[in-house]
Amino acid sequence: MFISHLAFADAPVLKLWHGYRGGEEQAIEQAAKQFTALTGTQVELLAVPYDALSSKLTSAIPHDAGPDVFIFAHERLRQFHRMKIVAPSGNGLDRSKYLKPSVDALELDGVLYGYPLSIKCLALFMRGDRGLTAPTTTAELENALTERRQNQFTLAYEAGDFYFHAPILFGFGGVLFDEKGRAQFDTPAMTKSLNWVKSLQDRKLMPQEVSGALVKTLFNENRAPFVITGPWFTGEIDGVPYSIHPLPTVSETGLPMAPFLGVEAAFVSSRTQQPELAQAFAKFLSLGDATIIRVTLGRQIPAELAAYDNEAVAKDPMISAFRTVAERATPTPNTLEMARVWEPMKLALRAVLQGGVSPADAGQLAERRYRALNREAPPTTTPVPWIIGLSIGLVTFGGWQLRQGKGKTFAKRYPEAGRGLLYVAPAATGLFVLVIIPFVIGLSLSLFHHDAGEYTFVGFANFADILTSKGYRITEPLSFYFTLVVTLAWTLANVVLHVSIGLFLAILLKDPLLKLRGVYRVLLIVPWAVPNYITALMWKGMFHQQFGAINAILGHLGIEPVSWFTQWSTSFAANVITNTWLGFPFMMVVSLGALQSIPTDLYEAAEVDGASKWTQFRRITLPLLKPALLPAVILGSVWTFNMFNIIYLVSGGEPGGGTDILVSEAFRWAFQRNEQYGFAAAYSVLIFFVLFAWSQVTKRLSGEESA
Amino acid sequence: MSDVRLVGIKKSFGENVIVRGVDLDVTPGEFLVMVGPSGCGKTTLLRIIAGLEQADSGDIVIGGKNMNEVPPRERDVGMVFQSYALYPHMTVKENMAFGLELRKVPRPEIESRVAEAARMLELGPLLDRKPKALSGGQRQRVAMGRVIVRRPQLFLFDEPLSNLDTALRVQMRGELARLHRALGVTMIYVTHDQVEAMTLATRVAVFNKGVLQQLGAPLELYNRPTNAFVAQFLGSPSMNLIDAKRDGAKFVGAGFTLPAVGDTSGEVKLGLRPQDLRVASEGPLRGEVEAVERLGFDGYAFLKTAAGSIAARFEGADVQVGQNVAVQPMGDVLHIFSADGAKALRHPEARGA
């Protein structure tokens with residue numbers, strides 16, 4: 001009994017974290033069960049949303065709170081390696097058993113990490129019911145359809161995403177990195193590839209603003225017989241006959257379009273307590289029965305060669321087709337530099353496709369964005385003068401405090417200090433932990449530069465870079481001043497709308513003769529009661545160009561649908577509309593309370609005195625509302641100034657970061673642009689100063705009021 | 001200065017009939033006081049004249065012009081509210097100037113009118129204060145000043161003195177009377193206080209339950225009330241009313257007989273003002289003293305008699321609660337009303353209108 005209990009306690013348990021859902025999740029669960037049946041080792045699985053998985057891994061593993069094995073795409077391998085959270089696979093990995101590019105993707109400086117599970121890459125999907133032959137060159141593709149009706153296209157793919165554009169760039173002979181390994185954007189191949197894509201769009205061979213959902217619709221409705229997409233697309237085809245082909249060759253250069261190959265691999269954590277078991281488990285997942293389960297149940301394209309000989313797999317046209325496609329593919333570079341390519345490329349692509357920038361200038365635009373996002377680390381300075389300065393300050397302050405109490409002991413000056421401290425302690429602790437510590441950390445962080453886990457002291461360099469707009473023009477969305485102006489416009493527009501709509505409704509609701517007044521009042525307060533991110537997501541959906549309610553209404557009124565997030569003005573308006581919806585109830589409630597406290601005989605007196613309704617509003621209502629509304633306006637302006645949720649969820653900063661406000665920009669610097677924590681902290685400190693200045697102004701405003 | 005004519009004014013709020021057809025003529029320069037118990041419709045009528053309420057039917061004619069559809073600001077009336085309704089965010093000066101500014105009166109003219117009103121009402125030192133820094137009486141004067149500077153053709157007052165203490169009320173009453181003399185403008189004044197009505201009015205209109213009971217000079221109403229309600233409403237303490245029956249040359253009631261006057265017959269109500277009765281050792285009515293209101297040398301005793309409560313005046317005499325005393329009428333003082341009190345049948349002859 002005692003022994004069995006011990007044995008149970010010591011039974012090894014492996015933890016596996018993954019980002020799978022649906023069939024893929026079921027497959028991995030089954031594979032894990034097989035492993036348990038085989039070895040007696042329990043496996044605990046944890047499905048983490050894919051977007052959050054990477055940050056969860058990098059924060060949990062160094063603290064020994066992470067998994068033993070985790071599944072991730074190979075692009076992050078370099079980062080995982082630098083953060084020392086991934087262990088090499090050593091001799092366990094037999095290269096010959098997997099597709100070559102899938103193993104290549106897992107190699108870092110001659111060492112292999114993890115075990116390849118599946119591959120993903122783009123292919124050309126063709127409808128099988130149009131009597132077409134698969135084009136092998138771009139010229140054939142362009143001429144594949146001789147006749148097209150309106151709103152019918154030859155090709156559809158998500159042209160605004162660099163993942164889809166990369167094969168075209170490579171097909172035009174483009175090279176992503178120069179000899180030194182730095183990303184390059186302003187190249188002839190870039191211009192040519194963009195020219196070609198733009199011409200597809202201009203010749204209406206391809207629709208505008210294509211999203212994944214639109215690709216699906218066009219293909220299923222037979223409005224675009226060719227689409228470029230990945231293996232995940234098979235699940236979205238509504239019983240239409242189709243075939244899968246390699247991407248065509250670019251006629252101009254004779255080079256094939258080589259898509260990126262993504263390899264999902266099972267990696268072993270460097271901090272696992274059971275390295276051998278973990279290695280065995282990761283390897284198990286990548287081979288044999290586990291692969292077959294993943295292929296049949298999870299519809300994955302296997303990295304294991306043997307799987308393609310399996311009878312069930314060989315019969316699956318999709319899987320065998322992808323094997324051919326994958327041979328042309330190049331693994332997505334797993335370098336850090338690659339991670340920096342996406343955002344500038346996306347910016348350039350969207351700028352060209354939306355028509356704002358010519359293909360020849362797009363490379364430069366991307367280059368500028370790249371330089372801005374990947375600012376060189378400011379020169380490291382020594383923190384010694386700072387420490388000395390801080391110490392002198394503290395000593396002076398201490399001495400001054402002591403002098404103040406000269407000749408008196410502390411106990412004499414504050415005879416009841418003990419009891420007083422006891423009373424203050426709970427609030428003080430909360431304040432200290434929740435406000436003061438984060439504030440001091442944020443303040444100090446703004447003096448550092450962060451790069452891949454290493455902090456270097458740079459003094460005021462972050463502030464200097466921000467305030468001098470280093471690396472970009474003042475009129476570009478990345479500039480602090482541009483964002484500040486947007487933020488101020490955002491705040492002003494919102495507060496004005498909140499107050500005017502709130503006040504207007506309050507005046508309507510004040511009328512005691514209004515029927516169902518209570519019902520209206522509750523209904524109008526509802527937007528306030530719903531959590532704001534839910535509201536934001538609802539509005540985001542309503543602003544959708546194709547499926548959104550707003551464009552549907554505009555369509556019925558005979559107005560062209562608006563592409564809300566491609567222009568600054570409409571994107572900004574969408575944000576403002578959403579936040580106005582959220583913000584007016586508060587102002588309405590405040591105004592209603594204040595309105596009801598104004599005696600009606602004042603209006604009667606004014607009426608007799610000769611005031612029209614408008615004059616009464618201007619000369620009686622407004623001045624008497626001011627004491628109640630002013631604090632609400634001040635509060636509302638600060639809330640709006642830092643209203644991160646709406647910006648992030650509704651416009652997401654589109655187009656090109658133009659509608660980002662200071663907080664969302666600070667967020668992006670911290671979490672979306674190479675984790676420049678110091679720079680982001682400096683942004684936050686500047687936000688603090690702006691709001692501090694505003695609070696001083698408002699203090700004066702409300703001071704005048706009470707005087 | 002202008003006349004006001006009300007023809008068949010009716011007003012109800014939902015089921016509640018407040019004014020039941022009032023006809024009233026106010027002559028130019030008159031100080032008309034509308035008086036009655038609360039809920040009698042006098043304030044509503046005033047608000048209808050001001051234009052703050054719409055009459056359900058009837059006509060309001062001011063200065064010969066039908067005002068039914070005219071908004072208050074174009075009726076050229078000034079109104080002093082019971083709560084004063086001063087604009088709390090404006091100084092005294094701004095409060096008074098507000099109406100003039102809205103009427104686009106030139107600045108120097110505004111200044112001089114405000115200064116004039118301030119002098120008249122002794123508001124000079126208070127001009128830059130806000131209403132919350134003023135006492136009740138001062139606010140009251142500002143409210144009047146606000147109307148005076150506008151020089152409207154008609155002044156309306158809605159119980160303006162009811163929020164003041166007695167001493168101030170007496171003082172303000174004097175000032176109002178002086179103001180009326182000085183301006184000579186038509187004023188309509190609503191109150192529930194018969195003393196204000198008696199002291200201020202050139203004519204008094206007594207209302208009850210939305211009906212105009214009697215309109216006339218204060219003394220006429222006092223001496224020749226048209227019905228028992230008016231008789232009781234004016235005068236303090238109010239008139240004693242006792243039921244009686246004509247029996248030959250006598251009025252016989254519960255526990256008393258009085259020599260009959262006039263030519264009435266059958267059941268009547270007898271009206272005797274307390275001022276006309278004296279507490280005496282002998283008299284037609286007898287009862288126990290329930291309460292005494294001593295005003296100094298004289299006072300009133302309230303007796304419980306077989307015919308009901310009776311108030312009577314006394315002078316000097318030592319009247320105590322619990323004493324059994326009689327009351328004696330002082331000459332021909334008998335008012336006689338129909339048994340339901342709706343109609344006066346006789347007034348003492350010495351008090352011809």
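Here the structure is a predicted model, which means the values were calculated and not measured.

Caption draft 1: Broad picture of the overall build of chain B. The helix and strand inventory of chain B stands at eight helices and 21 strands. Structurally, chain B occupies a C-alpha span of about 75 × 45 × 35 Å along its principal axes. Classification of the 353 residues of chain B by burial places 53% in the buried group. In chain B, the share of contacts with a sequence separation of at least 24, taken over all contacts with a separation of at least 6, comes to 65%. Counting only carbon and sulfur atoms, one obtains 49% of the accessible surface of chain B, whose full area is about 15100 Å².

Caption draft 2: Expanded view of the nonpolar core. Counting residues in hydrophobic clusters, the biggest one holds 77 residues, and the most contacted among them are L57, I119, F125, F267, F281, L285 and F322 of chain A. Viewed by domain, this core spans two of them, domain 1 (13-119 + 263-331) and domain 2 (123-258 + 340-373) of chain A, each represented by three or more residues. Among the nonpolar cores identified, the runner-up in size contains 62 residues, and L629 of chain A together with V4, L32 and A85 of chain B belong to it.

Caption draft 3: View of the packing of aromatic side chains. The full count for this structure, using the stated rule, is 48 aromatic pairs over all chains. Measuring from ring centre to ring centre gives 6.3 Å for F162 of chain A and F260 of chain A, while their planes differ by 70°; the resulting arrangement is edge-to-face. Remark: F260 of chain A occurs in strand β12 (residues 260-269) and F162 of chain A occurs in helix α7 (residues 162-171); sequence separation between them is 98 residues. There is no split in this pair, since F162 of chain A and F260 of chain A are both buried. We note K540 of chain A situated over the ring of F565 of chain A; from NZ or CZ to the ring centre the distance is 4.4 Å. Lying across the ring of Y87 of chain B, R146 of chain B places its NZ or CZ 4.8 Å from the centre.

Caption draft 4: Fine view of the packing of helix α8 (residues 188-202) of chain A against helix α15 (residues 342-353) of chain A. Residues and elements named next belong to chain A. Where α8 contacts α15, the two axes come as close as 10 Å, and the packing angle between them is 40°. Classified by the interaxial angle, the pair formed by α8 and α15 is oblique. The two elements α8 and α15 cross, and the hand of that crossing is right-handed. For the pair formed by α8 and α15, the contact residues are M190, L194, V197, K198 and Q201 on the first element and M345, A348, L349, V352 and L353 on the second.

Caption draft 5: Region of the structure containing the side chain of N208 of chain B. Assignment of secondary structure puts N208 of chain B in strand β9 (residues 203-208). For N208 of chain B, the contacting residues outside a window of four places in its chain are P37, C40, Q213 and F229 of chain B.

Caption draft 6: Expanded view of the domain arrangement of chain A. When its domains are assigned, chain A resolves into domain 1 (13-119 + 263-331), domain 2 (123-258 + 340-373) and domain 3 (484-665). Placing a centre on the C-alpha atoms of domain 1 of chain A and another on those of domain 3 of chain A gives a separation of 50 Å.

Caption draft 7: Quick look at unusual backbone geometry. The linkage connecting S236 of chain B with the following residue, P237 of chain B, adopts the cis geometry, with an omega of -10°. Relative to the elements of secondary structure, P237 of chain B occurs in the loop between α8 (228-233) and β11 (240-247). Notably, K204 of chain A is not glycine yet its phi reads approximately 60°, a positive angle. Mapped onto the elements of the fold, K204 of chain A is located in the loop between α8 and α9 (212-220). One non-glycine residue with positive phi stands out, namely A85 of chain B, at about 50°. On the secondary structure map, A85 of chain B appears in the loop between β6 (77-80) and α2 (92-102). Accessibility expressed as a relative area gives 3% for A85 of chain B, which makes it buried.

Calculation rules
- Residues numbered from 1 in each chain as written.
- Chains lettered and ligands numbered in written order.
- Predicted model: local features only at pLDDT ≥ 70, side-chain atom pairs only at ≥ 80, totals over all residues.
- Heavy atoms only, no water.
- Helix = DSSP H or I, 4+ residues; strand = E, 2+ residues; numbered from the N terminus.
- Buried < 20%, exposed > 50% of the residue type's maximum accessible area, 1.4 Å probe, protein only.
- Contact = heavy atoms within 4.5 Å.
- Areas by Shrake-Rupley, 256 points an atom, 1.4 Å probe, with all protein chains shown as cover.
- Core = buried A, V, L, I, M, F, W, Y, C linked by side-chain atoms within 4.5 Å.
- Domains from an automatic or database assignment.
- Phe/Tyr/Trp six-rings, centres within 6.5 Å; stacked < 30°, edge-to-face > 60°.
- Lys NZ or Arg CZ within 6 Å of the ring centre and 35° of its normal.
- Axes fitted to C-alpha atoms, helices over the stretch in contact; angles between N-to-C directions.
- Parallel < 35°, antiparallel > 145°, perpendicular 65-115°, else oblique.
- Left-handed = near helix turned anticlockwise from the far one by under 90°.

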